[in-house]
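Now for the letters of each chain:
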Amino acid sequence: NAGVTQTPKFQVLKTGQSMTLQCAQDMNHEYMSWYRQDPGMGLRLIHYSVGAGITDQGEVPNGYNVSRSTTEDFPLRLLSAAPSQTSVYFCATGSTDTQYFGPGTRLTVL
Amino acid sequence: EDKVVQSPLSLVVHEGDTVTLNCSYEVTNFRSLLWYKQEKKAPTFLFMLTSSGIEKKSGRLSSILDKKELFSILNITATQTGDSAVYLCAVATGTSYGKLTFGQGTILTVHP
């Protein structure tokens, strides 16, 4: 039982490149979400999903896309990376309000 | 706009001290308040509070919620160096699953 897994752990992109951050959970939870964490700003919600086929925007959705085709997977896509997207990205899953976080992906956009 | 504010932003204490971390909030459609501990990796869940005046305890950590005054406190007694971390407060809102709004965090440093 791995809980929440994220890949890759680290990534460096050039401005304008695209990539997908992967998130998978084996806890059979309906709710999944993506956060970014920047120094001094806590965690901010990017997108979330309450079940397969259902997604919605969080506080800072611009520049990111998500889809939820299965209960287990919730990938986050950056279509055209910008330096402002340099951050640590956490995926989370949970039931009702308690959420459990993945180990994070540290992304640097040059 | 939902808002969660933590204080102090940083705190330095010595082992054995007792600390109190504060979290105040202004949100629409409150569901619960959560505390997390973060040590250079993913946040780990500590407590979830939904009712006023009921203390949650886990070892040396305890927390209580005041829904009238819109705040919560996290107490850590007999601090240890292993308590050094960022403590995050989050408020869940929404009609079904809770969307979390986080505070900035309190950086706690415990010296031996």
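Before reading further, recall that the structure is shown in the block above.
Description of the structure in this document.

Okay, the nonpolar core next. Formed by 20 residues in total, the largest nonpolar core has its most connected members in Leu33, Trp35, Tyr87 and Leu108 of chain B. Those elements that provide at least two residues to this core are strand S3 (19-26), strand S4 (30-38), strand S5 (44-49), strand S7 (61-66), strand S8 (71-76), strand S9 (85-93) and strand S11 (106-111) of chain B. With near-sequence residues (within four places) excluded, Leu108 of chain B lies in contact with Leu11, Val13, Val19, Ile76, Asp83, Ser84, Ala85 and Tyr87 of chain B. Among the nonpolar cores identified, the runner-up in size contains 18 residues, and Leu21, Tyr64, Tyr89 and Cys91 of chain A belong to it.

So, on to the pairing of S9 of chain B. Residue and element names in this part refer to chain B. Of all the nine residues making up S9, eight are buried; the element is thus mostly covered by neighbouring parts of the structure. Pairing analysis gives three bridges linking S9 to S11, with the strands arranged antiparallel. Note on S11: the bridge partner recorded for Ala85 is Leu108. Where S9 and strand S10 (residues 99-102) come together, four bridges link them in antiparallel fashion. Along S10, the bridge assignment pairs Ala92 with Leu100.

This part is about the state of the cysteines. Residues and elements named next belong to chain A. Across all of its chains, the model carries two disulfides over all chains by this definition. Covalently, Cys23 is tied to Cys91 through a disulfide, its sulfur atoms 1.8 Å apart. Handedness here is read from the sign of the S-S torsion; for Cys23 and Cys91, about -70°, the answer is left-handed. Pair noted here: Cys23 is in strand S3 (residues 19-25) and Cys91 is in strand S9 (residues 87-95), with a separation of 68 residues, a long-range link.

Analysis parameters
Residues numbered from 1 in each chain as written. Chains lettered and ligands numbered in written order. Predicted model: local features only at pLDDT ≥ 70, side-chain atom pairs only at ≥ 80, totals over all residues. Heavy atoms only, no water. Core = buried A, V, L, I, M, F, W, Y, C linked by side-chain atoms within 4.5 Å. Buried < 20%, exposed > 50% of the residue type's maximum accessible area, 1.4 Å probe, protein only. Helix = DSSP H or I, 4+ residues; strand = E, 2+ residues; numbered from the N terminus. Contact = heavy atoms within 4.5 Å. Pairing = 2+ DSSP bridges. Disulfide = S-S within 2.5 Å.

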